[in-house]
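Summary of the model geometry
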Amino acid sequence: MPPVITHRPVVNLETEQLNGGYIKINWSRPTLITESVLNYNVYRHPVSSTTDELLGTTSTRQFIDTSFDELTRYTYSVGAVYDVCGESRRVQRDTYSGIRNGWTKVLRDYGRETPMAIAPLDSGGFIAVGKAAAYAGGAEELFAVAMDLDGQMLWRKSYGGGSRQGAKDVKRLDSGDYIIAGWQVPDGATVSDVWLLKADSDGDTIWTKTFGTTENDSAVSIEITPGGGYIILAASGSESIWLIETDSDGTIIREKTYGPNIVGRSITGIPAGGYAICGTAPAGTIGHKDILVMKLDSSLDSLWLRHYGGASLEEGEDIIAGTSGEMVVVGKSRSFGMPLYTTTYALLIDADGDTIRSAFAGGMNNYGLNSVAKSADGYVAAGFVDLSSPGIYLQYFDDNLDTTHTHIYSTVGNEAAYDVLSLADDGLAIAGVTTLNGDEDCWVLKVGGVIHYGIEEDRTPRPESFAVRAFPNPFNSAVKIETPAGAEVEIFDIRGRSMGSLKPSKVDNSSQTYMWEPAVNAPSGVYFVRTVLNGEAEVSRVVY
């Protein structure tokens, strides 16, 4: 009699982070065994611990973990359970959980990517632009990546031509094209120029323009004019700004310079006409550094310039304008929080620059805001907080700039957000960086809005003789399941835990019928019906 081959572990253990942060664990049955596997035990522990927690037992080769802590590194393990020898050696795999109300993606194909700005796609997704270096000390390239609302990459491009280049801002045009503003150091040069790049909806270059002086020049922000041209806010030298207005082909119409003692960070169009700039006055009239806001007419002439802040240090990073002339400015402050630490600083000002409301958030860490966007409920700003592991900090405001809530997204790496965008589905897109994998990588998050969780039933084509029907679906109290004769049916919850095998209520020569009534305390949601016939399995989904 041949020996019984048993107790072998599972093979091909894989983990996948789904939208909504869920972790899907898949594996294959042990190979070269002669004893049947009764079921599989699935375990988990944070990498900071060595004690396994039993998540559940399943007879399928898939399990979905929905009981995670956000952005936590876990070790998952699976053991095969045999009738005679018990559980096999556990096979392990590490992975990070995601965020519950969205998804996160780390993009690191080029290496050391820093996304600086995002803009919407016509399809509802978004494009992120920034700079990337292929290796330590390598040439910096401008990169752009387009993502759909489910976090799938649509395309990715890199743009060069000089010895170094990068992007600081991007805007979507009514044509579906994009205008990207940044900087480039031409081959053989020692200083940078303003670089303007127009790309089509697929990221292919339409044209590029450079504008330069004898100083180091770089675009930091761009706005579209009512006539379809562009206003570029550029840094020229150390503490002055250079405004460049071009037509839609990138030909200069007019230029203005302001300074010294002005560092520009963001420009926005004002619905009633003209523009507003926010930034920093390195030698403040109120404190050591002040937030600075300048209002311009349509010819780029200054209408007024105002300083904001306290006795210490303030820096302005972003500005947006409302339909009634009001403006929201965000940045950071060292005047109003705990001594030695910065707080977030947000200002609501009227059309004349008078302060309507100011808001702060902070504590025994450094906080700051880099970007602000209008949201369905008011405003949302994104930036950083320097915890033991610095993280992305979101601060939500109502229309009066009262803080409604905050949220931190942090891993064991260092994170910060540089831009935030309100999406068509009322969600948010956030572009930032993480050092989760060592180098500084592009970290893109979608928070809120419509989330497709990626938990789908098995759609592998089956012969007609293996057709399984479940109705009504969704159901309230009971669901009828019809299968071919001889099939076995088992119900699983969304975590992969068995809810029990069913016995047919009706059997004839070619089919059999099951009725499943969930227990009184069973939660509503998605359940999976696993049907096995002649060694083949089909998984379908029902909603209770």
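Residues numbered from 1 in each chain as written. Predicted model: local features only at pLDDT ≥ 70, side-chain atom pairs only at ≥ 80, totals over all residues. Heavy atoms only, no water.

**Brief notes about the pairing of strand S31 (residues 378-385)**
Burial analysis of S31 places 8 of its 8 residues in the buried class, which makes it a mostly covered element. The sheet contact formed by strand S30 (residues 367-375) and S31 spans 8 bridges and is antiparallel. The residue bridging Ser 371 from the neighbouring strand is Ala 382, located in S31. Two successive antiparallel strands, S30 and S31, enclose a turn made up of 2 residues. By the bridge criterion, 7 bridges tie S31 to strand S32 (residues 391-397) in an arrangement that is antiparallel. Directly across from Tyr 379, in S32, lies its bridge partner Phe 397. Between the antiparallel neighbours S31 and S32 lie 5 residues. (Buried < 20%, exposed > 50% of the residue type's maximum accessible area, 1.4 Å probe, protein only. Helix = DSSP H or I, 4+ residues; strand = E, 2+ residues; numbered from the N terminus. Pairing = 2+ DSSP bridges.)

**With respect to the side chain of Glu 113**
Summarising the element assignment, Glu 113 is placed in strand S10 (residues 113-120). For Glu 113, a relative accessible area of 0% corresponds to the buried category. Here Arg 156 takes part through its side chain, which lies 2.3 Å from a polar atom of the side chain of Glu 113. Other than its neighbours up to four places away in sequence, Glu 113 contacts Leu 107, Arg 108, Lys 131, Ala 132, Phe 143, Arg 156, Val 433, Glu 440, Asp 441 and Cys 442. (Polar contact = N/O pair within 3.5 Å; in protein donor to acceptor, adjacent residues only side chain to side chain. Contact = heavy atoms within 4.5 Å.)

**Some points on the layout of surface pockets**
Taken as a whole, the largest pocket spans an internal volume of roughly 1,100 Å³. In terms of lining, the largest pocket is formed by 37 residues, of which the most central are Asp 169, Lys 171, Ser 266, Asp 318 and Asp 419. Taken together, the elements giving at least two residues each to the lining of the largest pocket come down to S10, strand S14 (164-172), strand S18 (217-224), strand S22 (263-269), strand S26 (314-321), S30 and strand S34 (415-422). Considered class by class, the residues forming the lining of the largest pocket number 19 nonpolar, 7 polar and 11 charged. (1 Å grid on protein atoms, 1.4 Å probe; cavity = no way out; pocket = protein on both sides within 12 Å on 5 of 7 lines; lining within 4 Å. Points joined across faces, edges and corners; volume = space filled by probe spheres on them. Nonpolar A, V, L, I, M, F, W, Y, C, P; charged D, E, K, R; others polar.)

**Re the sheet that holds strand S38 (residues 479-484)**
Backbone-to-backbone hydrogen bonds join strands into a sheet, with any given pair of strands oriented parallel or antiparallel. Strand order in the open sheet made by the 4 strands is S37-S38-S42-S41, with antiparallel pairing throughout. At either margin of the open sheet sits one strand with a lone partner, and together these are strand S37 (469-471) and strand S41 (506-507). Strand direction decides the pairing type here: S37 and S38, joined by 3 bridges, are antiparallel. Of the residues in S38, the one forming a bridge with Phe 471 is Lys 480.

**Describing the pairing of strand S19 (residues 230-236)**
Counting buried residues along S19, 6 of its 7 residues qualify, which places the element largely inside the surrounding structure. Following S18, the chain reverses through 5 residues before pairing antiparallel with S19; Gly 228 in that reversal takes a positive phi of roughly 90°. The sheet contact formed by S19 and strand S20 (residues 241-246) spans 6 bridges and is antiparallel. If you follow Ile 232 over to S20, its bridge partner there is Ile 244. Linkage of S19 to S20, two consecutive antiparallel strands, is achieved through a turn of 4 residues, within which Gly 237 is found at a positive phi near 80°.

**Topic: the packing of aromatic side chains**
For the structure shown, the criterion picks out 12 aromatic pairs. Note on Trp 27 and Tyr 40: the rings are 5.5 Å apart at their centroids and 65° apart in plane angle, and the pair reads as edge-to-face. Of this pair, Trp 27 sits in strand S2 (residues 23-28) while Tyr 40 is found in strand S3 (residues 37-46), placing the two residues 13 residues apart along the sequence. Given the relative accessible area of 4%, Tyr 40 is considered buried. Between Tyr 367 and Tyr 393, the ring centres sit 5.1 Å apart and the planes meet at 80°, which makes this aromatic pair edge-to-face. In this pair, Tyr 367 sits in strand S30 while Tyr 393 sits in strand S32, placing the two residues 26 residues apart along the sequence. (Phe/Tyr/Trp six-rings, centres within 6.5 Å; stacked < 30°, edge-to-face > 60°.)

**Observations concerning the sheet that holds strand S21 (residues 252-258)**
Strand order in the open sheet made by the 4 strands is S18-S19-S20-S21, with antiparallel pairing throughout. Lying at the two open borders of the sheet, with one neighbouring strand each, are S18 and S21. Neighbour to neighbour, the strand axes of the sheet diverge by 20° on average, direction disregarded. Summarising the sheet, S18 and S19 pair through 7 bridges and their orientation is antiparallel. Paired with Ala 219 across the strands is Ala 234, a residue of S19. (Axes fitted to C-alpha atoms, helices over the stretch in contact; angles between N-to-C directions.)

Coordinates in, geometry out; function isn't part of it.
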